[in-house]
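# Architecture and fold: a report
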Amino acid sequence: MKKRLFSVILAVCMLAAIVSLAGCKQEDAVPLTGEVINVYNWGEYISNGEDGSLDVNKEFTRRTGIKVNYTTYPDNESMYAKLTSGSADYDVIIPSDYMIARLIEEDMLEPLNMSNIPNFSLIDDQFKGLEYDPSNKYSVAYTWGTVGIFYNKTMVDEEDVKDMSWDILWNEKYRGQILMFDNPRDAFGIALLKLGYSLNTTDKAQLLEAANLLKEQKPLVQAYVMDQIFDKMAGAEAALAPYYSGDALTMFDDNEDLGFAVPKEGTNRFVDAICIPKGAKNKELAEKYINFLCETDIALANAEYIGYSTPNTGALEQLDEEIKNNEIFYPGDDILSKTQIFLKLPDDINRYMDTLWIEIKTEN
Amino acid sequence: MAKKKNSWLAAPFGVWMAFFTLIPLGVVVYFALTDSAGAFTFDNLLGIGQHAGTLLRSIWLGAIATVLCLILGYPVAYSISRAKGVSQQTMVMLIMLPQWMNFLLRTYAWMTLLENNGLINKFLGLIGIGPLSMINTSGAVVLGMVYNFLPFMILPLYSVMTKIDKHTIEAAQDLGANGLNVFRRVILPLSVPGIITGITMVFVPAVSTFVISKLLGGGKDMLIGDLIEMLFAGTAVNYNVGSALSLVLMILIVVCMAVMNKFDDGEETGALIA
């Protein structure tokens, strides 16, 4: 009896699987062309069908019949390492500003044929011809945002955040309650901003000064983290943490006591943009994909899912009023005018910064 | 004779070793002895001195964790080895059980347990203690090491101890040895190979770990593993210095193991079982 029941259940399951598989096939889908493009993007950086969002890659396949082989990387440096190792070929990558500058300088990007990307006209002029790609030959802006300080309103005094300054991360009062970036560029960036220097300084004396400031801060820091920041701020483990504005919605969802402010000294504005690496096998398909990502409805789906600010004017128009008018995601000129974009640093400066960073991290 | 005849059986493993151990090792040595332009240099190795503190702290924390594992693991291994058939299997199973869960996940779980608002402190708060600050300390790192590597101490000890003939112990007792003497003169010497294997299997991964110190230590007191990870995959990429550090770490571990094996002075109690 038991066996029979089991086989019936099994049969039902199998049937259900077949039916659901068949259901996947949508009527208006373009038949598969057999072509595949390789897309290499940050983790959690595309609308993927979760929580009722649009699955962007599936949609691309449905509209064009081209399959998307999608893989992710955790940071620019890993992406760069993978790209230079030559072990994999990608058609589309989405690095950040300074990394794009580096890739351009090292001749690792294909110039884009903009006539294949008519939707480029939807990109806000603010995000064209930026310092990392002055002639805008190699990249199409994908997302942007600023770095600010997340704070827990119940743990931080109101007057300390009213006129937010980077100084708060050096405030003895919050000893052991401060989280700090676990990567040299962002961490040095904060120290340089506090000192009033350029984020792209090549002056070793200024970097040394910043390093000393970071060493001074170390006893106050609870932990150097990247992604763990979400858990730690959600669980009120820490009171203060500098991080990216685009993650504000996720943070606020997890803990309603959290706030976000951009310090008055100014901050780093980052832009992540879509590029085609040199030697991509399917350049034209890649351009098709880039154009698709700039499609208003697709950019909108991505902006809604990822939460980072969109440079796409079409998507911005249709974005939820509440987010569109939120200073955190779309700050006014008073904040934007004080932002700086990371540029590629010369190799020796990069190395110097790395050495200083290791010193900071290993010193007791 | 038979040995020679069957030596080809090891050939597949030999090829495997050559490709995935010897050649990579050669690459590490090459990078350690060259600069970024590929020119020969000792600078990377000579520059290790500035990381001596990190290296020593890793060895120190790894040693503490190893000793704790031995203290905790030895009695457990002994009692398992003396247990009856079925319960012995059950106990070994229980030791293995946590290993079925992903290493990273287990360490993450400890993070949420130890945090200031974590489960342990919440519980302590209910009975009016604390909160204790446990996360982001060296203690938390050692705890993570002991938790993760304890089975690697218990299992080799157990497998050596099950081979101790209980008649040997009975003989010692018949000859008038008391409990302490039986342990000191019979059980302990016979379990030395297990101790050596256990120590090696705990100490080596403990010294070179980077996940545990990152998650439980807050990335403030970097261990040598963290530093190497940072130099290869992390934010301060420098293969040459990274390779030099790896090389020095390897040499130090080999030296540690050689010193350990000296204590083994050729006991004949079976082969070391991993």
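Just so it is clear, the structure is predicted and the values come from calculations on it, not from any experiment.

Its location among the elements puts B:Asn240 in helix α13 (residues 239-263). Residues in contact with B:Asn240, not counting those within four places in the same chain, are B:Phe31, B:Ala32, B:Thr34, B:Asp35, B:Ser36 and B:Asn44.

Taken residue by residue, the interface counts 29 residues in chain B and 25 residues in chain A. Counting each side, the surface lost to burial between chain B and chain A is near 2,200 Å², with a carbon and sulfur contribution of 46%. Between chain B and chain A we count one salt bridge in total. A:Lys232 is paired through a salt bridge with B:Glu115; the nearest N and O atoms lie 3.2 Å apart. Counting across the chain B and chain A interface gives nine residue pairs in polar contact (both at pLDDT 80 or more). When residues of the side of chain B that touches chain A are traced back to their parent elements, those giving at least two are α4 (52-81), α6 (103-114), α11 (211-216) and α12 (224-232) of chain B. No other element matches α12(B), which puts three residues into the side of chain B that touches chain A. Taken together, the residues of the side of chain B that touches chain A break down into 12 nonpolar, 12 polar and five charged.

Aromatic ring pairs are reported here in terms of the distance separating the ring centres and the angle at which the planes meet. Residue and element names in this part refer to chain A. As enumerated under the stated definition, the model contains 31 aromatic pairs over all chains in all. Ring plane angle 85 degrees and centroid distance 5.3 Å describe the contact between Tyr45 and Tyr308, whose orientation is recorded as edge-to-face. Of this pair, Tyr45 sits in the loop between β1 (36-42) and α2 (56-64) while Tyr308 sits in the loop between α11 (296-306) and α12 (313-318); the two residues are 263 residues apart in sequence, bridging distant segments of the chain. Across this residue pair, the class does not change: Tyr45 and Tyr308 are buried. Between Tyr98 and Phe342, the aromatic rings sit 6.1 Å apart at their centres with planes inclined by 85 degrees, giving edge-to-face as the arrangement. Linking Tyr98 in helix α4 (residues 97-105) with Phe342 in the loop between β10 (339-340) and α15 (347-362), this pair joins segments that are 244 residues apart in sequence. Per residue, the accessibility class of Tyr98 equals that of Phe342, and both read buried.

Once that is clear, we can look at the sheet that holds strand β2 (residues 67-73) of chain A. All names here are of chain A. In spatial order, the strands read β2-β1-β3; together these three strands make up an open sheet with parallel pairing. The sheet is open, and its two borders are formed by β2 and β3 (92-93), each paired with just one other strand. Where β1 meets β2, seven bridges bridge the pair, whose relative direction is parallel. Across the sheet, the residue bridging to Asn41 is Thr72, located in β2. Strands in contact with helix α3 (residues 76-85) are β1, β2 and β3; relative to β1, the strand with the most contacts, it is inclined by about 145 degrees.

Take the environment of A:Lys215 next. Along the chain, A:Lys215 falls in helix α7 (residues 204-217). In contact with A:Lys215, not counting residues within four places along its chain, are A:Glu359, A:Ile360 and A:Glu363.

A separate point is the domain arrangement of chain A. All names here are of chain A. Examined at the domain level, chain A breaks down into domain 1 (7-144 + 270-324) and domain 2 (145-269 + 332-362). Centre-to-centre, using C-alpha coordinates, domain 1 lies 29 Å away from domain 2. Remark: the boundary between domain 1 and domain 2 carries one salt bridge. Where Glu105 meets Lys344, a salt bridge forms, and the shortest distance between an N and an O atom there is 3.3 Å. Viewed at the interface, domain 2 and domain 1 are joined by four residue pairs in polar contact (both at pLDDT 80 or more). At the level of secondary structure, the elements contributing two or more residues to the side of domain 1 that touches domain 2 comprise α4 and β9 (267-274). The element contributing the most residues to the side of domain 1 that touches domain 2 is α4, with five residues.

Attention shifts here to the pattern of salt bridges. All names here are of chain A. In the structure shown here, the tally under the stated rule is 20 salt bridges over all chains. Between Asp157 and Lys173 there is a salt bridge, with its nearest N and O atoms 2.9 Å apart. On the criterion of sequence distance, the pair formed by Asp157 in the loop between β4 (140-152) and α5 (158-162) and Lys173 in the loop between α5 and β5 (178-181) is long-range, its members being 16 residues apart. Within this structure, Glu59, Arg62, Arg63 and Asp297 form a network of salt bridges that share partners.

This part is about the side chain of A:Asn76. All names here are of chain A. Turning to its location among the elements, Asn76 is positioned in helix α3. At 3.0 Å, the side chain of Asn76 forms a polar contact with the side chain of Ser96. Apart from the residues lying within four places of it in its own chain, the contact partners of Asn76 are Trp42, Pro95, Ser96, Tyr98 and Met99.

Okay, the nonpolar core next. If you look at the biggest cluster of nonpolar residues, it comprises 183 residues, and the most contacted ones within it are A:Phe188 and A:Leu240. In terms of residues, this core owes the most to one element, helix α8 (residues 138-161) of chain B, which gives 12 residues. When we break this core down by domain, the ones giving at least three residues each are domain 1 (7-144 + 270-324) and domain 2 (145-269 + 332-362) of chain A. Contacts of A:Phe188, omitting those with residues within four sequence positions, involve A:Leu207, A:Ala210, A:Ala211, A:Leu214, A:Met353, A:Leu356, A:Trp357 and A:Ile360.

With that settled, consider the packing of α2(A) against helix α10 (residues 283-293) of chain A. Two packed helices can be described by the angle between their axes and the distance between those axes. Residue and element names in this part refer to chain A. Packing of α2 against α10 leaves a shortest axis separation of 11 Å and a crossing angle of 120 degrees. Relative to α10, the element α2 is oriented oblique. Seen along the crossing, α2 lies across α10 with a hand that is right-handed. Contacts from Val56, Asn57, Glu59, Phe60 and Arg63 in α2 reach Leu285, Lys288, Tyr289, Phe292 and Leu293 in α10. Tallied by class, the residues present in the contact of α2 with α10 amount to six nonpolar, one polar and three charged.

Turning our attention to the confidence of the model for chain A. Detailed reading of the predicted coordinates is not advisable wherever pLDDT is low. Per-residue confidence for chain A gives a mean pLDDT of 90; residues scoring 70 or more make up 92%. Taking the mean pLDDT of every element in chain A, the minimum, 56, falls on helix α1 (residues 2-24) of chain A and the maximum, 97, on α7(A).

Looking now at the packing of α15(A) against α12(B). Two elements in contact, α15(A) and α12(B), have axes separated by 11 Å at closest approach and are oriented at 160 degrees. On the basis of the axis angle, α15(A) is roughly antiparallel to α12(B). The chirality of how α15(A) crosses α12(B) is right-handed. Of α12(B), the residues touching α15(A) (which contributes A:Trp357, A:Ile358 and A:Thr362) are B:Leu227, B:Met230 and B:Leu231. Taken together, the residues of the contact of α15(A) with α12(B) break down into five nonpolar, one polar and no charged.

Criteria and thresholds
Residues numbered from 1 in each chain as written. Chains lettered and ligands numbered in written order. Predicted model: local features only at pLDDT ≥ 70, side-chain atom pairs only at ≥ 80, totals over all residues. Heavy atoms only, no water. Helix = DSSP H or I, 4+ residues; strand = E, 2+ residues; numbered from the N terminus. Contact = heavy atoms within 4.5 Å. Buried area = accessible area lost by both parts, 1.4 Å probe. Salt bridge = Lys/Arg side-chain N within 4 Å of Asp/Glu carboxyl O. Polar contact = N/O pair within 3.5 Å; in protein donor to acceptor, adjacent residues only side chain to side chain. Nonpolar A, V, L, I, M, F, W, Y, C, P; charged D, E, K, R; others polar. Phe/Tyr/Trp six-rings, centres within 6.5 Å; stacked < 30°, edge-to-face > 60°. Buried < 20%, exposed > 50% of the residue type's maximum accessible area, 1.4 Å probe, protein only. Pairing = 2+ DSSP bridges. Axes fitted to C-alpha atoms, helices over the stretch in contact; angles between N-to-C directions. Domains from an automatic or database assignment. Core = buried A, V, L, I, M, F, W, Y, C linked by side-chain atoms within 4.5 Å. Parallel < 35°, antiparallel > 145°, perpendicular 65-115°, else oblique. Left-handed = near helix turned anticlockwise from the far one by under 90°. pLDDT = per-residue confidence, 0-100.

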